[in-house]
Amino acid sequence: MLVVRRRAGEAIIVAGDIEIEIIEISRTRVKLGVTAPREVTVTRREAAAIALENRTAAALVSSATLEADLLGISSKVSGKMAKSASDAADM
Amino acid sequence: MSSVSAGLSVVKTPHLGEISWEAGSELFLPSGLPGFENERHMIPVEIPAHRPLVFLQSTERSGVCFVSLPVMTICPDFKLHLTEDERASLMLQDTCDPEIGADVLCLALLFPSGGTVEANLDAPIVINLHNSRCLQALSPDAERGYYKLSDAGIWENLC
């Protein structure tokens, strides 16, 4: 890993045309500004893992057994909610 | 791709059939969703037989549709954490925390997992009810984790 020390207002260049500037440094956070060509995707690391999860999520609705699956899920959830409401009413 | 007719926008979807809505009433996602960065407009769809599920249907790609649940149906004591950037993107006021149900709607996307579904409550979809701006919150401080729906209809926290 390349480690570079920079101050606010300074920047680094990646691959010739991607600029990462240190905009602001506070006690616990650093604000970065990224200037990159439109075709370059810039994401936070946590977003990369969620992207994979979201692609899986989008596949749920295209399941061949969509109707049965979703009715099953909604009946499970709504059944549990109805039971919880009933339990609360009994208390 | 949606079309507009008599003030109503219409999209034919492979999963939910034809959906129509008042033009301009769709959700606006300034950055899309992770993995779907180009999906900037979505329609929340409720189907009576599938309540409390909420479908998030893209207006730009008819094949893109997510299944979600209000987070409170999974975790009744859910607390929303938003970063400064997320608050700014939703155009929420800095002065107070948004109230779920009054200011924002929080949905958990469901994804298939071994014959049932899971939900990640660390990455809820947050909709500002005052302006329809929407994003997926990815607060690195959140630690609610993953929930799995059991056969008995109970959401079990996996971590």
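Up top you'll find the structure we're talking about.
Note that the structure is predicted; figures quoted are calculated from it, not measured. (Residues numbered from 1 in each chain as written. Chains lettered and ligands numbered in written order. Predicted model: local features only at pLDDT ≥ 70, side-chain atom pairs only at ≥ 80, totals over all residues. Heavy atoms only, no water.)

A. A look at the state of the cysteines. Residues and elements named next belong to chain B. Per the stated rule, a full pass over the model turns up 0 disulfides over all chains. The closest cysteine sulfur to the non-disulfide-bonded Cys106 is located on Cys134, 10 Å from its own sulfur. For Cys106, a relative accessible area of 2% translates into the label buried. (Disulfide = S-S within 2.5 Å. Buried < 20%, exposed > 50% of the residue type's maximum accessible area, 1.4 Å probe, protein only.)

B. Inspection of empty space enclosed by the protein at higher detail. Scanning the model with the defined rule gives 1 cavity of 30 Å³ or more in all. In this model, the largest cavity occupies a volume close to 40 Å³. Going through the elements one at a time, helix H1 (45-60) of chain A together with strand S8 (104-113) of chain B are the ones with two or more residues in the lining of the largest cavity. In terms of residue count, H1(A) provides more of the lining of the largest cavity than any other element does, 3 residues in total. (1 Å grid on protein atoms, 1.4 Å probe; cavity = no way out; pocket = protein on both sides within 12 Å on 5 of 7 lines; lining within 4 Å. Points joined across faces, edges and corners; volume = space filled by probe spheres on them. Helix = DSSP H or I, 4+ residues; strand = E, 2+ residues; numbered from the N terminus.)

C. Highlighting the nonpolar core. One finds B:Leu110, B:Val126 and B:Trp155 to be the most contacted residues of the largest nonpolar core, which totals 37 residues. With 4 residues, the top contributor of residues to this core is S8(B). The contact partners of B:Trp155, leaving out residues within four places of it in the chain, are A:Val77, B:Leu69, B:Thr73, B:Ile74, B:Leu110, B:Val117, B:Glu118, B:Ala119, B:Tyr147, B:Lys148 and B:Leu149. Listed in part, the 17 residues of the second largest apolar core include B:Leu29, B:Val54, B:Val64 and B:Phe66. (Core = buried A, V, L, I, M, F, W, Y, C linked by side-chain atoms within 4.5 Å. Contact = heavy atoms within 4.5 Å.)

D. Structural view of a nonpolar patch on the surface. All names here are of chain A. A grouping of Ile25, Val30, Leu32, Val34, Val40 and Val42 is seen on the molecular surface, where their side chains present a nonpolar patch of about 490 Å² in accessible area. The element that contributes the greatest number of residues to the nonpolar patch is strand S3 (residues 30-35), accounting for 3 residues. Mapped onto the secondary structure, Val40 falls in the loop between S3 and H1. Residue Val40 is classed as partly exposed on the basis of its relative accessible area, which comes to 32%. (Patch = residues over 30% accessible without salt bridge, like charges linked within 9 Å, V, L, I, M, F, W, Y side chains within 5 Å. Areas by Shrake-Rupley, 256 points an atom, 1.4 Å probe, with all protein chains shown as cover. Salt bridge = Lys/Arg side-chain N within 4 Å of Asp/Glu carboxyl O.)

E. Geometry of the side chain of B:Arg87. Tracing the chain through its elements places B:Arg87 in helix H2 (residues 84-90). Look past the residues within four positions of B:Arg87 in its chain and what remains in contact with it is B:Leu82, B:Leu92, B:Gln93, B:Asp94, B:Thr95, B:Cys96, B:Asp97 and B:Pro98.

F. The arrangement of the interface of chain A and chain B in detail. Listed as interface residues are 27 residues of chain A and, on the opposing side, 37 residues of chain B. Carbon and sulfur atoms make up 69% of the area that chain A and chain B hide from each other, which totals about 2700 Å². Linking chain A with chain B are 1 salt bridge. We note a salt bridge from A:Arg44 to B:Glu86, for which the minimum N-O separation is 3.8 Å. Summed over the shared surface of chain A and chain B, the result is 5 residue pairs in polar contact (both at pLDDT 80 or more). Each residue belonging to the side of chain A that touches chain B can be placed in one class, and the counts come to 13 nonpolar, 6 polar and 8 charged. (Buried area = accessible area lost by both parts, 1.4 Å probe. Polar contact = N/O pair within 3.5 Å; in protein donor to acceptor, adjacent residues only side chain to side chain. Nonpolar A, V, L, I, M, F, W, Y, C, P; charged D, E, K, R; others polar.)

G. Structural view of the sheet that holds strand S2 (residues 18-25) of chain A. All names here are of chain A. Spatial strand order, S1-S2-S3: 3 strands in an open sheet with antiparallel pairing. The open sheet has two edge strands with one neighbour each: strand S1 (11-14) and S3. Averaged over all adjacent pairs, the angle separating strand axes in this sheet is 25 degrees, with direction ignored. Here S1 runs beside S2; their pairing, made up of 4 bridges, is antiparallel. Its bridge partner lying in S2, Ile13 is registered against Glu19. (Pairing = 2+ DSSP bridges. Axes fitted to C-alpha atoms, helices over the stretch in contact; angles between N-to-C directions.)

H. Main features of the layout of surface pockets. The calculated volume of the largest pocket comes to roughly 1600 Å³. Contributing to the lining of the largest pocket are 36 residues, with A:Leu32, A:Val42, A:Thr43, A:Arg44 and B:Asp85 lying nearest its centre. Put simply, the parts of the chain that give the lining of the largest pocket at least two residues each are S3 and H1 of chain A together with H2 and strand S11 (134-136) of chain B. With 5 residues, S3(A) is the largest single contributor of residues to the lining of the largest pocket. Looking at the lining of the largest pocket residue by residue, the class counts come to 14 nonpolar, 10 polar and 12 charged. Each pocket or cavity is described by its volume, and for the second largest pocket that value is around 200 Å³. Lining the second largest pocket we find A:Met1, A:Leu2, A:Val4, A:Arg6, A:Ile12, A:Ile20, A:Ile22 and A:Leu32. When the residues that make up the lining of the second largest pocket are grouped by side-chain class, the tally is 7 nonpolar, no polar and 1 charged.

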